[in-house]
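The residues making up each chain are set out below.
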Amino acid sequence: MKALDLQNNLAELIKAKQYPFSGGALLLMEHSPVYTVGLRRKDYGPEYEEKLKKLGAEFVYTNRGGLVTFHGPGQLIAYPILNLKMFKASMRWYVESLEEVVIRLCSEYSLGCGRSPHTGVWIGNNKLCAIGVHGSKFVTTHGLALNCSTDMSWFEHIVPCGIEGKGVTSLSTELNCNITPDDVIPRFLKCFQNHFNCELVEHEGKDYQQSIV
């Protein structure tokens, strides 16, 4: 919940034009094991929540798009809190831009991936990166979850993002070596900066935060 509170606080500062950087902020982090559900939550009642909690994970309802997914160690979480009016005032463009950043990142590992009719970045029928966002007055919250060295067994207890008949994968699985979020961050930042044509200014803190100029 601390991550959600931080996102919401930054978003309110940006909407009120009280954040000192015009573009917004980019938060990078790893979560402890947690299952999250977006706005389409009618199929996830108390029994479903308790079943997942018994696995040792938290369960959190959010206001992002999408259905149930998992976040945990070995997964790079990126929450861009952007003022889209400084880029392009289009949520569709924004989601496609997040996909493009990850596609460019994968190309640096000589790893072929792409889009599908479903949101996110895919390798064949397996999702590598989940994307779920929220926008208010063209200020974004939530973002993407890129599986790097994630324990994929957590996904066996859900239908990831509610998509039947599809799987999940990770960079470590596809490259047959251990690729951690820390390994990926420098390349991710470069790809993000190049695609959004922005400058990133690092802030010290428990989580990795960049302000966007």
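Each value, and the rule that gives it
- Residues numbered from 1 in each chain as written.
- Predicted model: local features only at pLDDT ≥ 70, side-chain atom pairs only at ≥ 80, totals over all residues.
- Heavy atoms only, no water.
- Helix = DSSP H or I, 4+ residues; strand = E, 2+ residues; numbered from the N terminus.
- Rg over C-alpha atoms; globule rule 2.2 N^0.38 Å.
- Buried < 20%, exposed > 50% of the residue type's maximum accessible area, 1.4 Å probe, protein only.
- Expected span 1.5 Å × (residues − 1).
- Polar contact = N/O pair within 3.5 Å; in protein donor to acceptor, adjacent residues only side chain to side chain.
- Core = buried A, V, L, I, M, F, W, Y, C linked by side-chain atoms within 4.5 Å.
- Contact = heavy atoms within 4.5 Å.
- UniProt positions renumbered as here; feature names shortened; annotations may be inferred.
- Phe/Tyr/Trp six-rings, centres within 6.5 Å; stacked < 30°, edge-to-face > 60°.

Each helix and strand in the protein was counted, giving 5 helices and 11 strands. Taking 213 residues into account, the globule formula puts the C-alpha radius of gyration at 17 Å, and the protein, at 16 Å, falls close to it. Expressed as lengths along the three principal axes of its C-alpha atoms, the size of the protein is roughly 45 × 40 × 35 Å. A buried classification covers 50% of the 213 residues belonging to the protein.

When the terminal C-alpha atoms of helix α3 (residues 91-108) are compared, their 26 Å separation across 18 residues agrees well with the 26 Å that a helix rising 1.5 Å per residue should span. By the burial criterion, the buried members of α3 are Tyr 94, Val 95, Ser 97, Leu 98, Glu 99, Val 101, Val 102, Ile 103, Leu 105 and Cys 106. You can read the cap of α3 off the contacts: a side-chain oxygen lies 3.5 Å from the backbone nitrogen of Arg 92, and it is on Ser 90. Positive phi appears at Ser 110, one or two residues downstream of α3, with a value of about 55°.

Right, let's get into the nonpolar core. Counting residues in each nonpolar core, the largest one holds 36 residues, and the members touching the most others are Leu 144, Leu 146, Leu 171, Val 184, Phe 188 and Phe 192. Elements supplying a minimum of two residues to this core: β1 (24-29), β5 (75-82), α3, β6 (121-123), β7 (126-136), β8 (139-147) and α5 (181-196). Top element by residues in this core is α3. It accounts for 8 residues. Not counting residues within four places of it along the chain, the set of residues in contact with Leu 171 comprises Cys 106, Leu 111, Leu 128, Leu 146, Asn 147, Cys 148, Ile 179 and Val 184. If you look at the next biggest cluster of nonpolar residues, it comprises 14 residues, including Tyr 48, Leu 67, Trp 154 and Ile 158.

Moving on to the UniProt feature "site: Lowers pKa of active site Cys" (unreviewed entry) in the protein. According to UniProt, the positions carrying the feature "site: Lowers pKa of active site Cys" (unreviewed entry) are Lys 127. Here Lys 127 shows up in strand β7. Among all residues touching Lys 127, those that are not within four sequence positions of it are Thr 119, Val 121, Trp 122, Asn 147, Cys 161, Ile 163, Gly 167, Val 168 and Thr 169. Here Thr 119 takes part through its backbone oxygen, which lies 3.3 Å from a polar atom of the side chain of Lys 127.

The next subject is the packing of aromatic side chains. Across all of its chains, the model carries 12 aromatic pairs by this definition. Ring plane angle 65° and centroid distance 6.3 Å describe the contact between Tyr 35 and Trp 154, whose orientation is recorded as edge-to-face. With a gap of 119 residues between them, Tyr 35 in strand β2 (residues 34-37) and Trp 154 in the loop between β8 and β9 (167-168) connect regions that are remote in the sequence. Taking the centre distance of 5.7 Å and the plane angle of 85° together, the rings of Phe 87 and Phe 196 count as edge-to-face. With Phe 87 in the loop between β5 and α3 and Phe 196 in helix α5, this residue pair connects regions lying 109 residues apart in the sequence.

This part covers unusual backbone geometry. A positive phi is found at Lys 17, a non-glycine position, where the angle reads about 60°. Relative to the helices and strands, Lys 17 resides in the loop between α1 (2-15) and β1. Here Lys 17 falls in the exposed class, since its relative accessible area comes to 77%. A positive phi angle, close to 60°, is found at Asn 176, a residue other than glycine. Assignment of secondary structure puts Asn 176 in the loop between α4 (171-175) and α5.

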